[in-house]
Amino acid sequence: MKTIARKTFGTVAVLSSAFLGANVAAATISFSDDTFSNGDYTQKIYQSSPGIVTSAGQTPTSGNPAPAAWVTYDTNVSPFTILVGLLRPSFSYSPASAGALSSISVSLDRYFAPVTNGNDTPVTDLSPRTLIQQGGQYFQASNPQNGTRAAWVALTASGLTAADFVLYDFTTNTSTPSVHPDFTQDIDAFGFAMRATGAACNFVAGPCQSSGTVGTDNWFLTLTTVPEPGSSLALLALAGLAAVVSRRRMNRA
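Please read all numbers here as calculations on a predicted model, not as lab measurements.

Enquirer: What's the story with the pattern of salt bridges in this structure? I'm lost.
Expert: Opposite charge on two side chains makes pairing possible when the charged atoms of those side chains draw close. All chains considered together, the criterion is met by three salt bridges. Put simply, D40 and R88 hold a salt bridge, and the shortest N to O gap is 3.6 Å. Of this pair, D40 sits in the loop between strand 1 (28–33) and strand 2 (42–47) while R88 sits in strand 5 (residues 80–88), and the two are 48 residues apart along the sequence. Overall, the relative accessible area of 30% leaves D40 in the partly exposed class. Across the salt bridge formed by R149 and D120, the nearest N and O atoms sit 3.2 Å from each other.

The following block contains the structure:
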């Protein structure tokens, strides 16, 4: 009888380990866009002075390779800040069907070529700037990285959690670090933002003319879900079934 019991519970242990391993693994969902089309996105734009952004949309020729999301700007106001957000409603998420989110990873190619008074300006602000739209609010995760002026640069941000995203107001260009999205609720759209800033030109007389282009291409988004919580319950049920089988075998013996 002891031999039968050992064999039975040994089988249970093997099955339980296999079952648990198959169920605790988190699922991943991927979105990608390398052929940007204006009709797929909605725009949110902040500009510190009216009329800075001259174009925000798609370029058919300047991508990596073309087409790409593209912003051009031109202003004689200094200092200035613009932030153009592109959100794709078809890139949405429902925890009810796929489970709560655990983290988000993103990669994209970014191009930035600023000019000040006709002179090339060093790049000081490269970031994927991942966006989430949820319940009429917008959340941004900024991950500044180094790059080269007027060249396509690969940017990445891995394992972003809800705490990495903060509430952002496109009207006032202000963030609320204490407010984050809810990864257990529906997310209406994912997106990214392109940002350009310019300091005051104190070293020149007359106007301070700033212009430039910002581009984004090859945008990839990976969502990782929270592991299924039901695996432990199923494991208990499997162990209980094995115990019943064990008793029956011992009684027969």
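Having seen the structure, we can now continue with the description.
Enquirer: Explanation requested: empty space enclosed by the protein in the structure shown.
Expert: Take a probe with the size of a water molecule and roll it over the atoms, and the empty space left behind shows itself. If you walk through the whole model with that rule in mind, you get one cavity of 30 Å³ or more. Residue lining of the largest cavity: R110, F112, D125, L126, S127, R129, M194, R195 and V214, and that is the complete set. Sorting the residues of the lining of the largest cavity by element identifies strand 6 (101–116) and strand 13 (189–198) as the ones contributing at least two each. The class makeup of the residues in the lining of the largest cavity is four nonpolar, one polar and four charged.

Enquirer: What is the right way to look at the pairing of strand 11 (residues 166–169) in this model?
Expert: Within a regular beta strand, the side chains point alternately toward one face of the sheet and then the other, so they alternate between its two faces. When strand 9 (residues 137–141) meets strand 11, the two strands line up antiparallel, connected through three bridges. Bridged to Y138 within strand 11 is Y168. Pairing of strand 11 with strand 12 (residues 174–176), which is carried by three bridges, proceeds in the antiparallel orientation. The residue bridging Y168 from the neighbouring strand is S175, located in strand 12. Counting the residues that bridge the hairpin from strand 11 to strand 12 gives four residues, and of these N173 lies at a positive phi of roughly 60°.

Enquirer: Can you walk me through the nonpolar core in this structure?
Expert: Inside soluble globular proteins, nonpolar side chains tend to come together where they are buried. Of all hydrophobic cores here, the largest spans 41 residues; its most connected members are I104, F190, F192 and W219. Breaking this core down by element, the ones donating at least two residues are strand 4 (68–75), strand 5, strand 6, strand 9, strand 10 (153–160), strand 13 and strand 14 (210–225). Ranked by residue count, the leading element in this core is strand 6, at five residues. Core analysis: the second largest hydrophobic core is formed by nine residues, Y46, L83, Y138 and Y168 among them.

Enquirer: Any chance you could explain the sheet that holds strand 8 (residues 130–134) here in plain terms?
Expert: Hydrogen bonding along the main chain pairs the strands of a sheet, whether they run parallel or antiparallel. Strand order in the open sheet formed by seven strands is 2-5-13-8-9-11-12, and the pairing between neighbours is antiparallel. Strand pairing shows two members of the sheet lacking a second neighbour, strand 2 and strand 12, which therefore form its edges. Strand-to-strand, the axes of this sheet are offset by a mean angle of 30°, without reference to chain direction. For strand 8 and strand 13, the ladder comprises four bridges, and the chain directions are antiparallel. Pairing of I132 across the sheet is with F190, part of strand 13.

Enquirer: Got a minute to help me understand the packing of aromatic side chains in this structure?
Expert: For any pair of aromatic rings, the description consists of the separation of the ring centres together with the inter-plane angle of the planes. Under the defined criterion, the tally for this structure stands at 15 aromatic pairs. On the basis of an interplanar angle of 90° and a centroid distance of 5.5 Å, the ring pair of Y138 and F170 is categorised as edge-to-face. Here Y138 is found in strand 9, whereas its partner F170 is found in the loop between strand 11 and strand 12, with 32 residues between them in sequence. Judged on exposure class, the residue Y138 and its partner F170 are both buried. On the basis of an interplanar angle of 85° and a centroid distance of 4.9 Å, the ring pair of Y168 and F170 is categorised as edge-to-face. Classification of Y168 as buried rests on a relative accessible area of 4%. What makes F170 buried here is its relative accessible area of 6%.

Criteria and cut-off values
- Residues numbered from 1 in each chain as written.
- Predicted model: local features only at pLDDT ≥ 70, side-chain atom pairs only at ≥ 80, totals over all residues.
- Heavy atoms only, no water.
- Salt bridge = Lys/Arg side-chain N within 4 Å of Asp/Glu carboxyl O.
- Helix = DSSP H or I, 4+ residues; strand = E, 2+ residues; numbered from the N terminus.
- Buried < 20%, exposed > 50% of the residue type's maximum accessible area, 1.4 Å probe, protein only.
- 1 Å grid on protein atoms, 1.4 Å probe; cavity = no way out; pocket = protein on both sides within 12 Å on 5 of 7 lines; lining within 4 Å.
- Points joined across faces, edges and corners; volume = space filled by probe spheres on them.
- Nonpolar A, V, L, I, M, F, W, Y, C, P; charged D, E, K, R; others polar.
- Pairing = 2+ DSSP bridges.
- Core = buried A, V, L, I, M, F, W, Y, C linked by side-chain atoms within 4.5 Å.
- Axes fitted to C-alpha atoms, helices over the stretch in contact; angles between N-to-C directions.
- Phe/Tyr/Trp six-rings, centres within 6.5 Å; stacked < 30°, edge-to-face > 60°.

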